[in-house]
Amino acid sequence: QGRSMSFLMIRRPPRSTRKESSAASDVYKRQVLGVTILTSLNNKSLKEIGHTKTVEQLVLKQAGLIKKSGAAGIVCSAQEAKIVRKKYKNLFIVTPGIRLPGDDVNDQFRVMTPNDAFKAKVSGIVMGRSLTKFNIKNNIKRLINHLNQ
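**Examining the overall build of the chain**
Of the regular secondary structure elements, the chain holds seven helices and five strands. Secondary structure of the chain in N-to-C order comes out as β-α-β-α-α-β-α-β-α-β-α-α. Looking at the chain residue by residue over its 149 residues, the buried ones come to 40%. For the chain, the proportion of contacts with a sequence separation of at least 24, taken over those separated by at least 6, is 58%. If you sum the accessible surface of the chain, you get close to 9400 Å²; carbon and sulfur atoms cover 52% of it.

Here it is in structure tokens:
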């Protein structure tokens, strides 16, 4: 109660995404975003789990499938946002793996600063640890200063 949600993210095989997008939109009256490739994966880790394509190739493939499913947009690393935006001009792109300058990347491979992400033409960013670790009030000030540069 008292909470609001605008988007619901789904990370599922392509065949089920269309059905889930439709059902989630109907039930929750929210927009559905499809997840492409987690920011904690890179080309080496994809190869280790059996993929033969690069991160960029897989993100573009997933973006196409997600768009075809009727989802409102995608979740992908800001590092791939430019290539996705080039192919799908009006696609809504949300990017996790956003870090303030100088912050640890932790378990994430494909990270970017907020300003660099917006330069890569993302629609929105998701920030976690850079804001919630240590002093949140100070981190929000850091974010505002960074965005005003």
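**What to know about the environment of Asn148**
Considering the arrangement of structural elements, one finds Asn148 in the segment after α7 (136-147). Overall, Asn148 belongs to the exposed group, its relative accessible area being 61%.

**What about the pairing of strand β2 (residues 31-35)?**
Of all five residues making up β2, four are buried, and the element is well covered by its neighbours. Pairing between β2 and strand β3 (residues 73-75): three bridges, direction parallel. Bridge pairing in β3 places Val35 opposite Val75.

**What about a positive patch on the surface?**
Taken together, the side chains of Lys53, Lys61, Lys68 and Lys87 define a basic patch exposed on the protein surface. Within the secondary structure, Lys53 sits in the loop between α2 (43-48) and α3 (55-69). Since its relative accessible area comes to 46%, Lys53 is described here as partly exposed.

What counts as what
- Residues numbered from 1 in each chain as written.
- Predicted model: local features only at pLDDT ≥ 70, side-chain atom pairs only at ≥ 80, totals over all residues.
- Heavy atoms only, no water.
- Helix = DSSP H or I, 4+ residues; strand = E, 2+ residues; numbered from the N terminus.
- Buried < 20%, exposed > 50% of the residue type's maximum accessible area, 1.4 Å probe, protein only.
- Contact = heavy atoms within 4.5 Å.
- Areas by Shrake-Rupley, 256 points an atom, 1.4 Å probe, with all protein chains shown as cover.
- Pairing = 2+ DSSP bridges.
- Patch = residues over 30% accessible without salt bridge, like charges linked within 9 Å, V, L, I, M, F, W, Y side chains within 5 Å.
- Salt bridge = Lys/Arg side-chain N within 4 Å of Asp/Glu carboxyl O.
- Lys, Arg positive; Asp, Glu negative; His and termini not counted.
- Charge placed at Lys NZ, Arg CZ, Asp CG, Glu CD.

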